[in-house]
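Chain residues, written in single-letter form:
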Amino acid sequence: MEDVRIIELPKFEDPRGNLSFIEENDHIPFKIKRTYWIYDVPGGMTRGGHAFKEQQEFIVAMSGSFDVYINDGFKEQKFSLNRSYYGLYIPEGIWREMRNFSTNSLAIVVSSTDFSEDDYIRDINDFKKLKKS
Ligand code: TYD
């Protein structure tokens, strides 16, 4: 759980508008293989609800806000994301759920792997069993 952490990104404040960026292996501790985003989330919906065996991720609230609930198989922790100049690093082997999306929120997720359904653990009981074994 201690590896899950908020990472601050560079922020160039400018009267013309601010600018931030992410570089692999520098701001985040992995090489970027894929980027996806979650948007148009209807009120009250939950995204995520799984863990990955290998995939590491970094999640940024590019717009609006949402909460990420993290579970390492033993305890749960909530991180609120609501700025585009920091994000949440989640190593492999951690259960996550994204909830409480604000209207028009945009979650961008950079990932260390290609998409693979085989990398997902989608049953919380399987996940907990695995962590306790
Ligand atoms: P999923 O990761 O289950 O969504 P979330 O964790 O955000 O709730 O992804 C939903 C579906 O989208 C998944 O079954 C297949 C597809 N998908 C891809 O094809 N490529 C991707 O990179 C991602 C993230 C999902």
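Refer to the structure printed above.
From a predicted model like this one, the values you see are computed outputs, not experimental measurements.

Here's the deal with the environment of Glu8
Next up, step 1: Relative to the elements of secondary structure, Glu8 occurs in strand E1 (residues 5-8).
Next up, step 2: Residue Glu8 is classed as exposed on the basis of its relative accessible area, which comes to 57%.
Next up, step 3: For the pair formed by Glu8 and Tyr86, sequence separation is 78 residues and the distance between their alpha carbons is 4.3 Å.
Next up, step 4: Contact partners of Glu8, with chain neighbours within four places excluded, come to Tyr85 and Tyr86.

Some words on the sheet that holds strand E5 (residues 47-52)
Next up, step 1: Judged by pairing direction, the sheet is antiparallel, and its 5 strands sit side by side in the order E8-E7-E10-E5-E12 without closing on themselves. Only two strands of the sheet have a single partner each, and these edge strands are strand E8 (76-81) and strand E12 (120-121).
Next up, step 2: Note that E5 and strand E10 (residues 95-99) share 3 bridges and pair antiparallel. Bridging from a neighbouring strand, Arg47 pairs with Met98 of E10.

Concerning the pattern of salt bridges
Next up, step 1: Counting across every chain of the model gives 7 salt bridges.
Next up, step 2: Its salt-bridge partner being Glu13, residue Lys11 comes within 3.7 Å of it at the nearest N-O pair.
Next up, step 3: Between Glu24 and Lys31 there is a salt bridge; the shortest N-O distance is 3.2 Å.
Next up, step 4: Since its relative accessible area comes to 55%, Lys31 is described here as exposed.

Some remarks on the nonpolar core
Next up, step 1: Within the largest apolar cluster, 18 residues are counted, with the highest numbers of intra-cluster contacts made by Phe66, Val68, Ile70, Leu81, Leu88 and Met98.
Next up, step 2: In terms of nonpolar packing, the next biggest core, distinct from the first, is built from 9 residues, Ile7, Leu9, Phe30 and Ile108 among them.

Here's the deal with the side chain of Arg96
Next up, step 1: Positionally, Arg96 belongs in strand E10.
Next up, step 2: One polar contact links the side chain of Arg96 to the main-chain carbonyl oxygen of Ile94, over a distance of 3.3 Å.
Next up, step 3: The contacts of Arg96, once residues within four sequence positions are left out, are Gly48, Gly49, His50, Ala51, Phe52, Glu57, Val68, Tyr69, Ile70, Ile90 and Pro91.

A closer look at the environment of Leu9
Next up, step 1: Here Leu9 is to be found in the loop between E1 and strand E2 (11-12).
Next up, step 2: By relative accessible area, which is 7% here, Leu9 ends up buried.
Next up, step 3: For the pair Leu9 and Ser84, spaced 75 residues apart in sequence, the C-alpha separation works out to 8.6 Å.
Next up, step 4: Those residues in contact with Leu9 that lie beyond four places of it in its chain are Phe21, Ile22, His27, Phe58, Val60, Ser84, Tyr85 and Tyr86.

Overview of the site of the ligand
Next up, step 1: Around the ligand lies a shell formed by Arg34, Tyr36, Ile38, Arg47, Gly48, His50, Phe115, Tyr120 and Arg122.
Next up, step 2: One of the side-chain N or O atoms of Arg34 is found 2.4 Å from an oxygen atom in the ligand.
Next up, step 3: Separating an oxygen atom of the ligand from a side-chain N or O atom of Arg47 is a distance of 2.9 Å.
Next up, step 4: Split by residue class, the shell around the ligand holds 4 nonpolar, 2 polar and 3 charged.

What counts as what
In this convention, every chain numbers its residues from 1, walking through the sequence in written order. In keeping with the model being predicted, local features are shown solely for residues with a pLDDT of at least 70 and side-chain atom pairs are shown and tallied solely at 80 or more, while totals for entire chains, interfaces and linings include all residues. Values reported for side chains reflect all heavy atoms of the structure, with hydrogen atoms and water molecules removed beforehand. Note on conventions: DSSP H or I runs of at least 4 residues are helices, E runs of at least 2 residues are strands, and numbering of each starts at the N terminus. Exposed residues in this analysis have more than 50% of their type's maximum accessible area, buried residues have under 20%, and partly exposed residues fall in between, with area computed by a 1.4 Å probe over protein chains only. Every residue pair with non-hydrogen atoms within 4.5 Å of one another is taken to be in contact. Here, strands pair whenever DSSP counts at least two bridges between them. By convention in these notes, a salt bridge is any Lys or Arg side-chain nitrogen within 4 Å of a carboxyl oxygen on Asp or Glu. In this description, a nonpolar core means a group of buried Ala, Val, Leu, Ile, Met, Phe, Trp, Tyr and Cys residues linked to one another through side-chain atoms lying within 4.5 Å. We define a polar contact as two N or O atoms separated by no more than 3.5 Å, with the added condition that, inside protein, one atom must be a possible hydrogen donor and the other a possible acceptor, whereas residues neighbouring each other in sequence contribute only through side-chain atom pairs. Nearness of a residue to a molecule or strand requires only that one of the residue's heavy atoms be within 4 Å of it. Residue polarity follows a fixed list, in which Ala, Val, Leu, Ile, Met, Phe, Trp, Tyr, Cys and Pro are nonpolar, Asp, Glu, Lys and Arg are charged, and the others, Gly among them, are polar.

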